[in-house]
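Observations on chain architecture
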Amino acid sequence: MTTPNTDRPTPNVPSGTHDDFSRVETWDDQRTENWVKNLELRAAGADQVRLRREIIDIARLRAGQCAIEIGSGTGPLLRDMAPVVGPAGRIIGIEPQTGLARYSRERGVANLPNVEVRNERAIATAVAMRTADVCIAQTVLIHVPLPERGETVAKMIELTKSGGRVISADQDAESWVIDHPDRAMTRRITAFYVEQRFTDGWWARKSRGEFMRAGLKDVESRAIVVMATDPQSYEFQMAKQRANAAAQAGWIAIDEAARWSGALDERAAAGQFFTTLNFYVTCAVKQ
Ligand SMILES: C[S@@+](CC[C@H](N)C(=O)[O-])C[C@H]1O[C@@H](n2cnc3c(N)ncnc32)[C@H](O)[C@@H]1O
C-alpha cells in the first residue's frame, strides 16, 4: 500500500529542470562515466540496432557521401555509418561533452579513418556550410532548450547540401509504457519523466511539423517501437533510475521510489518485466 505523498508540495519548476543532457558541459567525471556506460548499453539493444538501420535506410546513405551526426555521444551511429560511406566517404560527429567526445575518439570510433569527432556544440561548429549529404540528430533535439533548438535545426539545414537530407530521431517520452502493479505511482513517475527528464518530451511527435515550418520538403516519418523484457537491459536500469530521480527531485518520496523499484524487481524475478517506448524518425530534404 503506497502512502499518499500529501506532506510535500508538488514541485513547480520549468520543464526539463532535471534533464542531464541539456547542460552536458557541467558534468563531472562520475556523471560522464555513468552516461558512457548507459549510452553504450542502450546502443547494444536489438531494437536500437534496428533504429539505427532505419535511420541509415531513410537517409539513403551511400558510398562516397558525407554524413554529419550532431550530438554523437559514444559514437554508435558513427560506427554504423562508417562502412556505408566507405573509404571515399566521410563521417563527422559533433559532440559538446568533452568526456563523451574523448571516449568516442579513443574507443567508440578508434580505427575508423573516415570518422572525425569534434568537441563542440552544434550551433558553434566550424564545419563549413553545405558539407553534408545527410545531417542527423539522434536523441539530441529532445534535450536542447529553446531558442537553441530552433537554431540547431537551422544549423543542421545550413550544414546540408541542396538536395541532402536532414533527420531527427527521438523517443516520444509520453509513449513510455511499463507493466507495474502500482498504476498511480507509475503515472507520477511517468509524469516526472515526461516533464522533467527532457527539455521537451513531445519533440519527437512535433518534429514533422517543425521540419516543415523550417522550410524542409518531402518530409517522411517512421515509427519504431523499442521493447525490453530483459532485466539486464538499459530500459530496466533506466526505469529504476527514473523513480530515483523523481525522489531526488522531490516529486515522490524516497520510500515510494524504493517500493516502486522493489515491485519492479519482483516482476523481473518472475520473468515479467515489460516496457516499450516509441521512437519517431523524421527525414526531410533541403531544397
Ligand atoms: C542522449 S545523448 C545521445 C547520443 C547519441 N546520439 C546516441 O543516440 O547514442 C544526447 C547527446 O546530445 C549531445 N548534445 C546535447 N546538446 C547538444 C547540442 N546543443 N549540440 C550538439 N550536441 C548536443 C549530448 O552531449 C549527448 O551526447
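An account of the accompanying structure is given in this report. Bear in mind the structure is a predicted one, so any value in this text is a computation, not a measurement.

**Topic: the overall build of the protein chain**
Across its full length, the protein chain holds 9 helices and 8 strands. Its C-alpha radius of gyration of 19 Å places the protein chain within 12% of the 19 Å reference for a compact globule of 287 residues. Taken over the C-alpha atoms alone, the protein chain extends approximately 60 × 35 × 35 Å along its principal axes. Residue burial in the protein chain is summarised as follows: out of 287 residues, 43% are buried. Restricting the contact set of the protein chain to residue pairs at least 6 apart, pairs at least 24 apart contribute 81%.

**Comments concerning the pairing of strand S5 (residues 160–171)**
Consecutive side chains of a regular strand alternate in pointing toward one face of the sheet and then the other. Among the 12 residues of S5, 9 are classified as buried, and the element is accordingly described as predominantly covered. Across 6 bridges, the pairing between strand S4 (residues 132–138) and S5 is parallel. The residue of S5 that forms the bridge with Cys135 is Val166. Alignment of S5 against strand S8 (residues 275–285), held across 7 bridges, turns out to be antiparallel. Bridging across to S8, Asp170 finds its partner in Tyr280.

**Examining the packing of helix H8 (residues 234–248) against helix H9 (residues 254–269)**
The contact between H8 and H9 brings their axes to 8 Å, and the two run at 165 degrees. As judged from the angle between their axes, H8 and H9 are roughly antiparallel. In the crossing of H8 with H9, the sense of the turn from one axis to the other is right-handed. In this structure, H8 uses Phe236, Ala239, Lys240, Ala243, Asn244, Ala246 and Ala247 to contact H9, whose residues at the interface are Ile254, Glu256, Ala257, Trp260, Ser261, Leu264 and Ala268.

**Quick look at the site of the ligand**
Residues in contact with the ligand amount to 23 residues; listed here are only the nearest, Val24, Gly71, Gly73, Gln97 and Ala122. Where the shell around the ligand is concerned, the elements lending two or more residues are helix H1 (29–44) and helix H5 (148–159). Classifying every residue of the shell around the ligand gives 12 nonpolar, 8 polar and 3 charged.

**Considering the environment of Pro87**
Assignment of secondary structure puts Pro87 in the loop between helix H3 (76–85) and strand S2 (90–94). In this structure, the C-alpha to C-alpha distance between Pro87 and Asn114, residues 27 residues apart in sequence, is 6.2 Å.

**Considerations on helix H2 (residues 46–58)**
For H2, spanning 13 residues, the distance from its first C-alpha to its last is 19 Å, which sits close to the expected 18 Å at 1.5 Å a residue. Those residues of H2 that sit buried are Gln48, Leu51, Ile55 and Ile56. End-on view of H2: buried residues confined to an arc of 135 degrees, all on one side of the axis. Away from the buried face of H2 by more than 90 degrees, exposed residues Ala46, Val49 and Arg53 are located. Along its buried surface, H2 packs onto H1, H3, S4, S5, strand S7 (217–228) and S8. A positive backbone phi angle near 55 degrees is found at Arg60, which sits one or two residues after H2.

**Some thoughts on H3**
Among all positions of H3, only Pro76, Leu77, Leu78, Met81, Ala82 and Val85 are buried. Phi for Gly86, located one or two positions after H3, is positive at around 70 degrees.

**A few points about unusual backbone geometry**
Going from Leu146 to Pro147, the amide bond is cis rather than trans, its omega being 5 degrees. Position of Pro147 relative to the elements: it lies in the loop between S4 and H5. Its identity is not glycine, yet Arg60 carries a phi of approximately 55 degrees, on the positive side. Here Arg60 is to be found in the loop between H2 and strand S1 (66–70). Residue class for Arg60 comes out exposed when judged on the 12 C-beta atoms lying within 10 Å of it. Positioned with a positive phi, Arg130 is a non-glycine residue whose angle comes to about 55 degrees. One can find Arg130 in the loop between strand S3 (115–118) and S4. Take Arg130: there are 12 C-beta atoms within 10 Å of it, and that puts it in the exposed class.

Cut-off values and rules
Residues numbered from 1 in each chain as written. Predicted model: local features only at pLDDT ≥ 70, side-chain atom pairs only at ≥ 80, totals over all residues. Helix = DSSP H or I, 4+ residues; strand = E, 2+ residues; numbered from the N terminus. Rg over C-alpha atoms; globule rule 2.2 N^0.38 Å. Buried ≥ 20, exposed ≤ 12 C-beta atoms within 10 Å, placed from the backbone. Contact = placed C-beta atoms within 7 Å. Pairing = 2+ DSSP bridges. Axes fitted to C-alpha atoms, helices over the stretch in contact; angles between N-to-C directions. Parallel < 35°, antiparallel > 145°, perpendicular 65-115°, else oblique. Left-handed = near helix turned anticlockwise from the far one by under 90°. Near = placed C-beta within 6 Å. Nonpolar A, V, L, I, M, F, W, Y, C, P; charged D, E, K, R; others polar. Expected span 1.5 Å × (residues − 1). Arc of directions from axis to C-beta.

Take it as geometry only, folks, not as evidence of what the structure does.
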